[in-house]
Amino acid sequence: MNFGNHSEERTMYITTNDEVQLWVECHGTGTPILFIHEFGGNYDSWQPQIHAFSRRYQCITYAARGYPPSSVPQALEAYSQQRAVDDALAVLDGLGIAQAHIVGLSMGGVAALHFGLNAPERALSLTIAGAGYGCEPETEAYFRQVSLQVGENFARQGAKAFAPTYALGASRVQFQNKDPLGWQRFADRLAEHDSLGASLTMRGVQARRPAFYQLEAQIKALHLPVLIMVGDEDDHCLQPGLYLKKHLPAAGLAILPKTGHTLNLEEPQLFNQLLAEFFAQVESGNWGVRDPRANPAQIMRTD
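My aim in this report is to walk through the structure given alongside it, one point at a time.

## A closer look at the pattern of salt bridges
(1) Moving on: Per the stated rule, a full pass over the model turns up 13 salt bridges.
(2) Moving on: Between D93 and R122 there is a salt bridge whose closest N-O contact spans 2.9 Å. Note that D93 is positioned in helix α2 (residues 81–95) and R122 in the loop between α3 (107–118) and β6 (123–129), a separation of 29 residues in sequence.
(3) Moving on: The salt bridge involving E266 is made with K178; its shortest N-O contact spans 2.8 Å. On the criterion of sequence distance, the pair formed by E266 in helix α11 (residues 263–266) and K178 in helix α6 (residues 173–178) is long-range, its members being 88 residues apart.
(4) Moving on: Several salt bridges share partner residues, and in doing so they unite D18, R65, R83 and D87 into one network.

## Focus: the side chain of S171
(1) Moving on: Its place among the elements puts S171 in the loop between α5 (159–166) and α6.
(2) Moving on: Side chain to side chain, S171 and Y133 meet in a polar contact 2.8 Å long.
(3) Moving on: S171 has contacts with Y133, E233, D234, G260, H261 and T262, leaving out every residue within four places of it along the chain.

## Re the pairing of strand β2 (residues 21–27)
Taken residue by residue, a regular strand's side chains alternate between the two faces of the sheet.
(1) Moving on: In terms of residue burial, β2 counts as a mostly covered element, since six of its seven residues are buried.
(2) Moving on: Taken together, the seven bridges between strand β1 (residues 9–15) and β2 define a ladder with antiparallel strand orientation. By the bridge assignment for β2, E9 is matched with H27.
(3) Moving on: Counted along the chain from β1 to the antiparallel partner β2, the turn is five residues long, and its residue E19 has a positive phi close to 65 degrees.

## Description of the sheet that holds β1
In a beta sheet, neighbouring strands are held together by backbone hydrogen bonds and run either parallel or antiparallel to one another.
(1) Moving on: Ordered by their spatial adjacency, eight strands build an open sheet running β1-β2-β4-β3-β5-β6-β7-β8, and the pairing between neighbours is mixed. Edge positions in the sheet fall to β1 and β8 (251–256), since each has one partner strand and no second. When the angles between neighbouring strand axes are averaged without regard to direction, this sheet yields 20 degrees.
(2) Moving on: Of the strand pairs in this sheet, strand β3 (residues 31–36) and strand β5 (residues 100–105) are connected by four bridges, and their pairing is parallel. Considered in β5, the bridge of I36 is made with G104.
(3) Moving on: α3 contacts β3, β5 and β6 of the sheet and is inclined by roughly 150 degrees relative to β6.

## Side note on the pairing of β8
(1) Moving on: One ladder, built from six bridges, connects strand β7 (residues 226–231) with β8; its direction is parallel. Its bridge partner lying in β8, G231 is registered against L256.
(2) Moving on: Handedness of the crossover joining β7 and β8 through helix α10 (residues 235–247) is recorded here as right-handed.

## Things to note about the layout of surface pockets
(1) Moving on: The volume enclosed by the largest pocket comes to roughly 620 Å³.
(2) Moving on: Lining the largest pocket are 25 residues; nearest its centre among them are Y133, F143, V146, A170 and S171.
(3) Moving on: At the level of secondary structure, the elements contributing two or more residues to the lining of the largest pocket comprise α4 (140–157), α5 and α10.
(4) Moving on: With five residues, the top contributor of residues to the lining of the largest pocket is α4.

Thresholds, definitions, all that
- Residues numbered from 1 in each chain as written.
- Predicted model: local features only at pLDDT ≥ 70, side-chain atom pairs only at ≥ 80, totals over all residues.
- Heavy atoms only, no water.
- Salt bridge = Lys/Arg side-chain N within 4 Å of Asp/Glu carboxyl O.
- Helix = DSSP H or I, 4+ residues; strand = E, 2+ residues; numbered from the N terminus.
- Polar contact = N/O pair within 3.5 Å; in protein donor to acceptor, adjacent residues only side chain to side chain.
- Contact = heavy atoms within 4.5 Å.
- Buried < 20%, exposed > 50% of the residue type's maximum accessible area, 1.4 Å probe, protein only.
- Pairing = 2+ DSSP bridges.
- Axes fitted to C-alpha atoms, helices over the stretch in contact; angles between N-to-C directions.
- Right-handed = clockwise from strand over helix to strand, strands pointing away.
- 1 Å grid on protein atoms, 1.4 Å probe; cavity = no way out; pocket = protein on both sides within 12 Å on 5 of 7 lines; lining within 4 Å.
- Points joined across faces, edges and corners; volume = space filled by probe spheres on them.

Following this line, the structure appears as structure tokens:
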């Protein structure tokens, strides 16, 4: 006896053009959303969003290369910002999906931006959350130095030993204070990362990616609908978030109060509310470029 429609759930591996296998999960049916996880997360760190959006969307998550159950390439050259974009496209290609909403957090948020710059025709919209580390000119060199040190720590100490230190970063303690149990799950997930994969991701992707200002001409030419989300205590993403708002023609910026870096887990209800409203406006054709009358050089009109 059939008691109603059951949301479609699928798991599979998709193989990239350099023979890396990516673990993919699909939940629900409808317009596709591709979720791209942060360095400290994995495919399963989008659970609050999957629960909410799989009721009316096809929600796709995947483990980035270097994150089991996906393959862990052993060479540094297998990890780069461009490769992260190529992998996201490989997931959509493997599923036969022409277009999707692209949602990314932190490392995944930067990948979402680069997805839009590389393949705008494949994106219905971009959500760039908690992104911008290394994009402030005054801290760019420091970020690259710290990224290399973090990569070395994962390789030398191992994920299990180093995870407690990484999980207590300045923009992570907000999550711990609000939701100790949720934060502990985040920290436990981080401790399960593949040590080599984490090290190579940090060194190959994070430490070598370009800052936003280096992409200004491309960013100004990107007319996709974009939602930028930043926590107000995620200090090194605030200015980059404002930079993106200023230069992306069809971008909206949401700053979440008393919030750190792990936005989708730290404030899942607010994150989901903002995302749902964004999707609704995009799909109704009401999220356009900024009205040219909203001239940022003007304070008050005098004539």
